[in-house]
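Residue strings, one per chain:
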Amino acid sequence: MSTPNLTSPAPAAAPSFPLAILAELTHRCPLQCPYCSNPLALEAASAELDTATWVKAIEEVADLGALQIHFSGGEPTSRKDLEVLVTKASEVGLYSNLITAGVLVGENRLSQLADAGLEHVQLSFQDSEAAGCDRIGGLKGSFERKLEFAKSVNALDLPLTANMVVHCQNLANLETMLELAVKLSARRVEIAHVQYYGWAYVNRAALMPTREQLQRATEIVEEARERLKGILVIDYVVPDYYAQRPKSCMGGWGQQFLNISPAGRVLPCHAAESITSLTFDRFPDKSLREIWETSEAFLAYRGTDWMPELCRTCERREIDWGGCRCQAFAITGSAGNVDPACALSPDHEMLQALAETDSQAESDDFLYRTRRTGQELQNTSDKPLVTAP
């Protein structure tokens, strides 16, 4: 299996600036979603960057030329200083988006965030009805709180995106999810099939749809796009396990995006910590500009020089940028291998067989996202959840 030379990374030139930053303020969250994109090893509150350090990061992001900042977590509203950070983002000209479960914020605090300069809200739903939403998220009463939160967003005339993560246990409600998005006056809805990294990877058997479920979901989305044109924008993200071509993950590794973890590790994507063969620089130990331009982890898979021959000679090499490195690592054990989602990958059949097996498992039980469960899972193996059927 090929691996990049991390001591002398390929000298791919850094793009002039990242378009967006994902500020993962915390891993604290009242929900326990079994497909959470956070790593299994959740950071404790005591490890989080303090307010002054986040303010400095926001200033440096703006100096780099970024256009957007997405406040995320965990649940970002767990941070009492969120208003300070939103204010700073507004002062330096960053478009700010709050990615939230909507269960901790009342109308008063949301109004304060809007006054501070918040410009957009992305609200997650685990299902279109209370029983499923509360069970999947692991929090009783969450669905009703989300509905109230959405009303507050609309009352403040903030643009609202509804994020619906779909899988085999809620796809039967896809049509009512779309109806809910319209009812909530969302301007956009993201129908996002689970992507199988971290928590979702260990819950594959409880989440993986069948090929028939995926096909039906795609038909529903395509019909809704026509019917709701001019009313609701529908983004649709399919699971890689059934794909024939890899997606352009984050617009290419280290090309358009950087992520700062709660403890300050700077990543090319939110799942990058799953690649345990890489070491990520920490802010403020190094400046964001230095990390963006010279970090070995960012350089490792930036551009095309790192690619295996199959990818480097492909006409799509600067379209999909080799696909997802985290997925290549999770499935094959090497982040430098061809993304198994690609039909040309020698591991493609293994990936599809994995999907078929998991989708027939008929398991409804989740391993919920908790610090204790994450620690137990981390302790069971010294490998990054590599599977070889």
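A.B. asks: How should I be thinking about the confidence of the model for the protein in this particular structure?
C.D. replies: Close inspection of predicted coordinates is inappropriate in any region flagged by low pLDDT. Overall, the predicted model of the protein reaches an average pLDDT of 92, with 94% of residues at or above 70. Under a pLDDT of 50 for its full length, residues 382-389 has, in the predicted model, 24 contacts with residues more than four places off or in other chains.

A.B. asks: For this particular structure, what's the right way to read the packing of aromatic side chains?
C.D. replies: In this description, an aromatic ring pair is defined by two values, namely the gap between the centres and the angle between the planes. What the rule picks out here adds up to six aromatic pairs. Taking the centre distance of 6.1 Å and the plane angle of 70° together, the rings of F125 and F143 count as edge-to-face. One end of the pair, F125, is in strand β4 (residues 120-125); the other, F143, is in helix α5 (residues 142-155), with 18 residues separating them in the sequence. The aromatic ring of W292 is capped on one face by R302, whose charged end is 4.9 Å from the ring centroid.

A.B. asks: Would you take a moment to explain helix α1 (residues 51-64) for this structure?
C.D. replies: One turn of an α-helix holds 3.6 residues; hence residues three or four places apart share an orientation. Its 14 residues give α1 an end-to-end C-alpha distance of 20 Å, which sits within 8% of 20 Å, the value for a rise of 1.5 Å per residue. Among the residues of α1, T53, W54, V55, A57, I58, E60, V61, A62 and L64 are the ones counted as buried. On its buried face, α1 sits against β1 (20-24), β2 (68-72), α2 (82-91), β8 (257-260) and α10 (288-294). Just past α1, the residue G65 takes up positive phi, approximately 105°.

A.B. asks: Explanation requested: the sheet that holds strand β9 (residues 266-267) in the structure shown.
C.D. replies: Strand pairing within a sheet occurs via backbone hydrogen bonds; the two strands may be parallel or antiparallel. Read from one edge of the open sheet, nine strands run β7-β6-β5-β4-β3-β2-β1-β8-β9, paired in mixed fashion. Of all the strands in the sheet, the pair left with one neighbour each is β7 (233-237) and β9. Note: β1 against β8, four bridges, orientation parallel. Paired with A20 across the strands is F257, a residue of β8. Helix-sheet contacts for helix α9 (residues 211-227) involve β6 (188-193) and β7, and the interaxial angle to β7 is about 160°.

A.B. asks: Where do I start with the packing of α1 against α2 in this structure?
C.D. replies: The relative placement of two packed helices comes down to the angle between their axes together with the axis-to-axis distance. It is the contact of α1 with α2, at a shortest axis distance of 9 Å, that shows an interaxial angle of 20°. What the angle tells us is that α1 and α2 run roughly parallel. The two elements α1 and α2 meet at a crossing, and its hand is right-handed. Two secondary-structure elements touch here, α1 through T51, W54, V55, I58 and E59 and α2 through V84, L85, K88 and A89. Here the contact of α1 with α2 is composed, by residue class, of six nonpolar, one polar and two charged.

A.B. asks: What exactly am I supposed to notice about the side chain of R369 here?
C.D. replies: Among the structural elements, R369 can be located in the loop between α14 (348-359) and α15 (371-379). A polar contact is formed between the side chain of R369 and the backbone oxygen of H27, at a distance of 2.5 Å. Setting aside residues no more than four positions away along its own chain, R369 makes contact with H27, C29, L31, Q32, C33, C36, N38, L42, G74 and W199.

Conventions used here
- Residues numbered from 1 in each chain as written.
- Predicted model: local features only at pLDDT ≥ 70, side-chain atom pairs only at ≥ 80, totals over all residues.
- Heavy atoms only, no water.
- pLDDT = per-residue confidence, 0-100.
- Contact = heavy atoms within 4.5 Å.
- Phe/Tyr/Trp six-rings, centres within 6.5 Å; stacked < 30°, edge-to-face > 60°.
- Helix = DSSP H or I, 4+ residues; strand = E, 2+ residues; numbered from the N terminus.
- Lys NZ or Arg CZ within 6 Å of the ring centre and 35° of its normal.
- Expected span 1.5 Å × (residues − 1).
- Buried < 20%, exposed > 50% of the residue type's maximum accessible area, 1.4 Å probe, protein only.
- Pairing = 2+ DSSP bridges.
- Axes fitted to C-alpha atoms, helices over the stretch in contact; angles between N-to-C directions.
- Parallel < 35°, antiparallel > 145°, perpendicular 65-115°, else oblique.
- Left-handed = near helix turned anticlockwise from the far one by under 90°.
- Nonpolar A, V, L, I, M, F, W, Y, C, P; charged D, E, K, R; others polar.
- Polar contact = N/O pair within 3.5 Å; in protein donor to acceptor, adjacent residues only side chain to side chain.

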